[in-house]
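Close look at the chain arrangement
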Amino acid sequence: MFQTLKKIIYKFTELLLLDVLGAKTLKFFAGLGESFILFYNFVLNLPYLYRDRKLLIEQMVIIGYNSIPLVTVTAIFTGMVSSVQAGYQLSEFGSPSMFLGATTSRAIVIELGPVLTGLIMAGRFGAS
């Protein structure tokens, strides 16, 4: 009886494993198919890119170039707040403040800068 129960448990485990593997495989190929459809639509719309190049450049200027002042002001204030906070935290440990600029700039450029820029851009153009 124990051997039959053991065989049933092994069969059940194999079926669960195959279900999980099959589901992950189907999900992978569904995503791959969606990527190919996106690429196909991109290739189909390439002729319109040349025709609407003025509109494309105009949108790039509006979204990118005209957003520089807003992103700059946000970056300046974020840097100021981060440096004050980091200076306060480092003073508790007796750490010299000569590392404050490098620490703050790395934290802003690597971690916080892209996130804040994306949020500002999304908020600015999502509201219009």
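The text that follows walks through the structure, step by step, so that each part is easy to find. (Residues numbered from 1 in each chain as written. Predicted model: local features only at pLDDT ≥ 70, side-chain atom pairs only at ≥ 80, totals over all residues. Heavy atoms only, no water.)

1. Some points on the overall build of the protein chain
From N to C terminus, the protein chain includes 5 helices and 0 strands. Walking the protein chain from its N terminus toward its C terminus, one meets helices and strands in the order α-α-α-α-α. Counting only residues that meet the buried cut, the protein chain has 7% of its 128 residues in that class. Relative to all contacts within the protein chain whose residues are 6 or more apart in sequence, the contacts with residues 24 or more apart total 70%. When the accessible area of the protein chain is evaluated, it comes to approximately 11,000 Å², of which 74% is carbon and sulfur surface. (Helix = DSSP H or I, 4+ residues; strand = E, 2+ residues; numbered from the N terminus. Buried < 20%, exposed > 50% of the residue type's maximum accessible area, 1.4 Å probe, protein only. Contact = heavy atoms within 4.5 Å. Areas by Shrake-Rupley, 256 points an atom, 1.4 Å probe, with all protein chains shown as cover.)

2. Thoughts on the side chain of Thr104
On the secondary structure map, Thr104 appears in helix H5 (residues 100–126). Beyond its immediate stretch of four places on either side in the chain, Thr104 contacts Gly79, Ser82, Ser83 and Ala86.

3. Thoughts on H5
Since the α-helix packs 3.6 residues into each turn, any two residues three or four apart lie on the same face. Maximum bend of H5: about 55°, positioned at Leu112, with proline Pro114 one to four residues after it. Listed in full, the buried residues belonging to H5 are Leu100, Thr104, Ile108, Gly113 and Ile120. Contacts from the buried residues of H5 go to helix H4 (68–92). (Bend = angle between axes of the 7 residues up to and from the residue.)

4. Thoughts on a nonpolar patch on the surface
Nonpolar side chains collect at one region of the surface, where Phe39, Phe42, Val43, Leu46, Leu49, Leu56, Ile57, Met60, Val61, Tyr65 and Ile68 lie side by side and expose about 1,100 Å² of accessible area between them. At the level of elements, helix H1 (2–44), helix H2 (46–51) and helix H3 (53–63) are the ones that each hand at least two residues to the nonpolar patch. For the nonpolar patch, the element with the most residues is H3, which contributes 4 residues. Turning to its location among the elements, Met60 is positioned in helix H3. Judged by its relative accessible area of 55%, Met60 is exposed. (Patch = residues over 30% accessible without salt bridge, like charges linked within 9 Å, V, L, I, M, F, W, Y side chains within 5 Å. Salt bridge = Lys/Arg side-chain N within 4 Å of Asp/Glu carboxyl O.)

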